[in-house]
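Okay, here's what each chain looks like letter by letter:
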Amino acid sequence: MKILVIGSGGREHALAWRLARSPRVHKVYVAPGNGGTQTGQQLENVALSQPEELADFAQREGVALTVVGPEAPLAAGVVDVFRARGLKIFGPTRAAAQLESSKDYAKAFMIRHNIPTARYQTFTDPAQAHAYVDQEGAPIVIKADGLAAGKGVVVATTLQEAHDAIDAMLGDGSLGAAGARVVIEECLIGEEASFIVMVDGRNVLALATSQDHKRLRDGDEGPNTGGMGAYSPAPIVTPELHHRIMREIILPTVQGMAQDGIPYTGFLYAGLMIAPGDDPDRPIKTLEFNCRMGDPETQPIMMRVKSDLLDALEHAVEGTLDQADITWDRRSALGVVLAAANYPATPRTGDVISGLPADNDDCMVFHAATVAEDGQIKTSGGRVLCVTALGDSVRMARERAYQTVNAVHFDGRQYRSDIGWRALKPSQQKTKP
Ligand code: AMP
Ligand code: GLY
């Protein structure tokens, strides 16, 4: 069977690698892919990105199933184009992808369906936005309404920062159309977790839990990034909290979308803020929805899949996810991102990467921004690699991952040396898969 994975990051490498393990899959095309998704045998890159071209390719090659990694093709309607031609694809339609592509849509949806989230208001007029911030005080969070490639959220600790963010988004148009509307919301405190599920319009299958590290530097300092590392499972999500998240957030979201006439299909990622403490009833609020898997969360999650991922995906596109299951490796997985010099502002490209190990079931180096050029693998963007390892504990997974990190080299590489610190806190014991 032939599979197509759309995207070019570490998430897509991990998805393609896992799908290639299915005994029923003999080819995984990755469009456009990267330096790690071109093995020549099972994985092959295809230099396409437009929805119509991708659909032509899938038809011509007899691709049985397509999986979409990133949000941009979803927001561009790739699922609508494939479905109109009767092609099987897993992802949300353009209308359903608004849960991620418009923060204002997502907030209004959550309020309408009683899904817990931070208090907010939406503005297009800078004067009104400034006045609201003055009235609410700092800390406060300013978000561009549209997709802004991870640059659209400012957690302002002072009023000045909040006013500057409003000026930058509504005033000078630095984020273009994405920033023409802003959501201003209450700043929540607590611990974040990534909760990712598969949805077929009606039924939900939860994936293993995970947590990522958004800040560039150790100790959660420095600028926000797309994610500098992640691990699975997330010890904070106890079985009790897992149950509550499904009941209070995930199921009402899936039911709410169906009620609104926009049934949700695809991966759904709820970014959560879990209030501090250990009261089992403490608030859990939704910070954001993503209409895709997380990157780098996907890398450790894919390392832990033991059953055939294709089975679950087939059920998902057939609307029979209630009959699907995924078995998870009981071990922990942890991934460390190696980023390019000057990431996240203006990452340098073209550095030669050396010391890449052969593929190994217990430690994989997933490529994110690499290209194969003149027989070498070179950096081609911000987050370059994600070294992901399994271990009997988070500590052991982390040791194995950092051993490989030490062996891989490129000039200017940046990485955090403390990935997984929250999971190593002594209070975290009981976990859900
Ligand atoms: P988002 O794209 O909405 O997830 O925002 C990116 C990051 O900003 C989140 O992962 C949080 O770290 C932070 N953030 C977003 N909204 C809030 C909020 N209401 N309170 C505190 N932090 C937030
Ligand atoms: N790692 C966070 C995200 O994928 O949005």
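Keep in mind that what you see is a predicted model, and the values were worked out from it rather than measured. (Residues numbered from 1 in each chain as written. Chains lettered and ligands numbered in written order. Predicted model: local features only at pLDDT ≥ 70, side-chain atom pairs only at ≥ 80, totals over all residues. Heavy atoms only, no water.)

**Student:** What is the right way to read the environment of Gly319 from this model?
**Tutor:** Tracing the backbone shows Gly319 in the loop between helix H11 (309-318) and strand S18 (332-339). Sequence-wise, Gly319 and Asp200 are 119 residues apart; in three dimensions their C-alpha atoms are separated by 5.0 Å. Other than its neighbours up to four places away in sequence, Gly319 contacts Asp200, Arg202 and Asn203. (Helix = DSSP H or I, 4+ residues; strand = E, 2+ residues; numbered from the N terminus. Contact = heavy atoms within 4.5 Å.)

**Student:** Quick question: what am I supposed to make of the site of ligand 2 here?
**Tutor:** The local shell around ligand 2 consists of Asp212, Lys214, Gly226, Tyr269, Asn290, Arg292, Gly294, Asp295, Pro296 and Glu297. One nitrogen or oxygen atom from the main chain of Gly226 is found 3.0 Å from a nitrogen atom belonging to ligand 2. A distance of 2.9 Å separates an oxygen atom of ligand 2 from a polar side-chain atom of Arg292. In the complex, 91% of the free accessible area of ligand 2, which totals 200 Å², lies under the protein chains. Residue composition of the shell around ligand 2, grouped by class: 2 nonpolar, 3 polar and 5 charged. (Near = heavy atom within 4 Å. Polar contact = N/O pair within 3.5 Å; in protein donor to acceptor, adjacent residues only side chain to side chain. Areas by Shrake-Rupley, 256 points an atom, 1.4 Å probe, with all protein chains shown as cover. Nonpolar A, V, L, I, M, F, W, Y, C, P; charged D, E, K, R; others polar.)

**Student:** Explanation requested: the sheet that holds strand S1 (residues 2-7) in the structure shown.
**Tutor:** Strand pairing in a sheet takes place through backbone hydrogen bonds and is either antiparallel or parallel in direction. Sheet architecture is open: 5 strands sit in the order S3-S2-S1-S4-S5, paired in parallel fashion. Bordering the open sheet on either side are strand S3 (43-45) and strand S5 (89-90), each of which pairs with just one other strand. For strand S4 (residues 65-68) and S5, the ladder comprises 2 bridges, and the chain directions are parallel. Note on S5: the bridge partner recorded for Val67 is Phe90. Here helix H2 (residues 51-61) sits on the sheet in contact with S1 and strand S2 (27-32), set at roughly 165° to S1. (Pairing = 2+ DSSP bridges. Axes fitted to C-alpha atoms, helices over the stretch in contact; angles between N-to-C directions.)

**Student:** Is there a simple way to explain the sheet that holds strand S12 (residues 211-212) in this structure?
**Tutor:** Taken together, the 5 strands give an open sheet; going across it, the order is S12-S15-S18-S23-S20, and neighbouring strands pair in antiparallel fashion. Strands at the two margins of the open sheet, each flanked by one partner only, are S12 and strand S20 (363-367). Inspection of the sheet shows S20 paired to strand S23 (residues 383-391) by 5 bridges, in the antiparallel sense. Looking at the pairing, His367 lines up with Leu385 of S23.

**Student:** Looking at this model, I keep getting lost on the pattern of salt bridges. Mind explaining?
**Tutor:** Any two side chains of opposite charge can pair, on the condition that their charged atoms come close. If you walk through the whole model with that rule in mind, you get 32 salt bridges. A salt bridge links Asp56 to Arg85; the nearest nitrogen and oxygen atoms lie 2.7 Å apart. Placement of the pair is Asp56 in helix H2 and Arg85 in the loop between helix H4 (78-84) and S5, with a sequence separation of 29 residues. Relative accessible area serves as the criterion here: at 36%, Asp56 is assigned to the partly exposed category. Put simply, Glu191, Asp220, Arg416, Asp418 and Arg422 are held in one network by salt bridges that share partners. (Salt bridge = Lys/Arg side-chain N within 4 Å of Asp/Glu carboxyl O. Buried < 20%, exposed > 50% of the residue type's maximum accessible area, 1.4 Å probe, protein only.)

**Student:** Help me understand the site of ligand 1 in this model?
**Tutor:** The full set close to ligand 1 counts 15 residues, and Glu185, Glu186, Leu188, Glu192 and Glu288 are the nearest of them. Within the contact set of ligand 1, an oxygen atom lies 3.1 Å away from a side-chain nitrogen or oxygen of Lys214. Contacts to ligand 1 include Glu288, whose side-chain N or O atom sits 2.7 Å from an oxygen atom. Relative to its unbound accessible area of 460 Å², ligand 1 is 89% covered by the protein chains. Contributing elements (two or more residues each) for the shell around ligand 1: strand S7 (140-144), strand S8 (153-156), strand S9 (182-186) and strand S17 (284-290). When the residues that make up the shell around ligand 1 are grouped by side-chain class, the tally is 8 nonpolar, no polar and 7 charged.

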